[in-house]
Amino acid sequence: MAEPAFSTVIRGGTAVLPTGVARADIGIRGETIAAIGENLGPAAREIDATGRVVAPGGVDPHAHIEQVSGGGLLNADSFESATVSAAFGGTTTVIPFAAQHVGHALDRVLADYHALADRGAVIDYAFHMILADPSEATLKTHLPKLVRDGHASIKVFMTYDKIKLDDEQMLDVLAAARDNGAFVCVHAENHGMISFMSKRLLANGHTAPSAHAMSHPRLAEVDAIQRVAAMSALVDQPVMVFHVSTAEAAAAVARARQDGVKLFGETCPHYLFLSAADVDKPGLDGAKWMCSPPLRQASDHEPLWAALARGDLQVVSSDHAPYRFDASGKLSAGPNPTFKQIANGLPGLEVRLPLMFDAAVRQGRLGLEKFVELTSTAPAKLYGLYPRKGALAVGADADVVVWDPARTVRLSSALLHDRAGYTPYEGRSLTGWPETVLSRGRVVVRDGSLHVAPGSGRFLPRNAGEAAQPLGRPSAEFANSGAASRASAA
């Protein structure tokens, strides 16, 4: 008897393909997509997708997993719990952080995070390297080798006392990234403004979680983005601005791009669906909604959606940063902390795609193709994972999500799989839910159950991709300073 043509065929669904949306079967052989078309041959396993949407697995390029914060606090999720949560939400690739702290050797940091992921991850992953100590050893010895090993992106902070870089250190990192072909991602807020406002608020008795937003002025984000753009232009090093939260910040990214700076921007569901009103709760309950940059005004939602539609912002990530509402997390400083003592971060890995599907597809804000672009294809391209990830295409990894576009789900912490113990979207009803999730041809989630073991996810070594390539026109001062560009050295 002849062997089946495919190991799996997903039949009869509405597929979101690079060429558009079409009714098509997806034929999988082993770990990769082998054919896309109508009436494909027999398979060892058949998945009926009639009446369903078939999309590439989500790529979440911004998630804090089993990470120690700048304040020394371990977040709530392990690699196992976080990636299980991601898979149930339709995400099949994550890029969390390997976080260096001052005095730590970067190569040792990466080795430690790899050990955690090797043991726990159920989906595929890469790493961003957080640089908090850009010493000569970090930039000249460890960074070049780690980039060659496939860790092609760097994150830096412009705020947080223990991990922030000053402008000169930022420029050192940008130049090192340029020399080694790495992409740079930035948490862009003016630290001096935040410190000044925090001291002023506390001195005047404003200690509640609701004061957190006032301590992070909107201007702090705009100023930092403008400075990042100027530094990027000086050195000719492309930069991604993480978690853009306001209309003005999105406009600052757009202006820099219009001025010819190779700047990119992302936002997150909590800046599209939540607001400062959610933090304004009695007692300390608002701490559950504290993140940085903070939740802004409801009036920022539409400008951010418009920036996504125009392409001024290119990515929607979760910025998953789960801390429990207890002494292990949000209340680690005791039962009566000030806003300055409360861990910043929200859980969001599992709900990123359902929130976006409901708004972008069901409500018609952006449509199916833009939904896939923002949550899968664009992040895969920006971070050097495309075409292996981020698209339903022959030769790509068989990371596939079958969506039930008619299923309505009321979100609750009991439904979700992370360890935060709460969701900031409690009680929100969404229509459209991941029904079956495949990673490299393996059925990871089906019928509400997990079907793979911890540690079955794989590390994805990668180059930085086109996004990290300099434009070839650094400032005249930099070009004449004796620093040779990669392009001129080639």
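Everything here concerns the structure above.
Keep in mind the model is a prediction, meaning the values are calculated, not measured.

*Asks:* Could you give an account of helix α8 (residues 247-258), naming the residues involved and the relevant values?
*Replies:* For α8, which comprises 12 residues, the first-to-last C-alpha distance of 16 Å matches the rise-based estimate of 16 Å (1.5 Å per residue) to within 8%. Inspection of α8 places A249, A250, A252, V253, A254 and A256 among the buried residues, and these make up the whole buried set. Contacts made by the buried residues of α8 are with α7 (218-235), β13 (263-267) and α10 (301-310). Positioned one or two residues after α8, G260 has a phi angle of 95 degrees, which is positive.

*Asks:* How would you explain the packing of aromatic side chains if you had to name every residue and give the values?
*Replies:* Throughout the structure, instances matching the rule amount to 14 aromatic pairs. Aromatic side chains Y125 and F459 sit 6.1 Å apart centroid to centroid with 45 degrees between the ring planes, which places their arrangement in the tilted category. Residue Y125 is located in strand β8 (residues 124-125), and its partner F459 is located in the loop between β18 (449-450) and α13 (476-479); the two are separated by 334 residues in the primary sequence. Ring-pair connections join several aromatic residues into one group, and the members of that group are F79, Y113, Y125, F127 and F459. A cation sits over an aromatic face here: K155 above F97, 4.6 Å from the ring centre. The ring of F325 carries K288 above its face, with NZ or CZ at 5.0 Å from the centroid.

*Asks:* Could you give an account of the pairing of strand β5 (residues 53-56), naming the residues involved and the relevant values?
*Replies:* Bridging between strand β1 (residues 6-17) and β5 involves 2 bridges; their strand directions are parallel. Following the sheet pairing, T14 is matched in β5 by V53. Two strands pair when backbone bridges link them, and β5 and strand β15 (residues 400-410) are joined in this way by 4 bridges, in the antiparallel orientation. Considered in β15, the bridge of V54 is made with V402.

Criteria and thresholds
- Residues numbered from 1 in each chain as written.
- Predicted model: local features only at pLDDT ≥ 70, side-chain atom pairs only at ≥ 80, totals over all residues.
- Heavy atoms only, no water.
- Helix = DSSP H or I, 4+ residues; strand = E, 2+ residues; numbered from the N terminus.
- Expected span 1.5 Å × (residues − 1).
- Buried < 20%, exposed > 50% of the residue type's maximum accessible area, 1.4 Å probe, protein only.
- Contact = heavy atoms within 4.5 Å.
- Phe/Tyr/Trp six-rings, centres within 6.5 Å; stacked < 30°, edge-to-face > 60°.
- Lys NZ or Arg CZ within 6 Å of the ring centre and 35° of its normal.
- Pairing = 2+ DSSP bridges.

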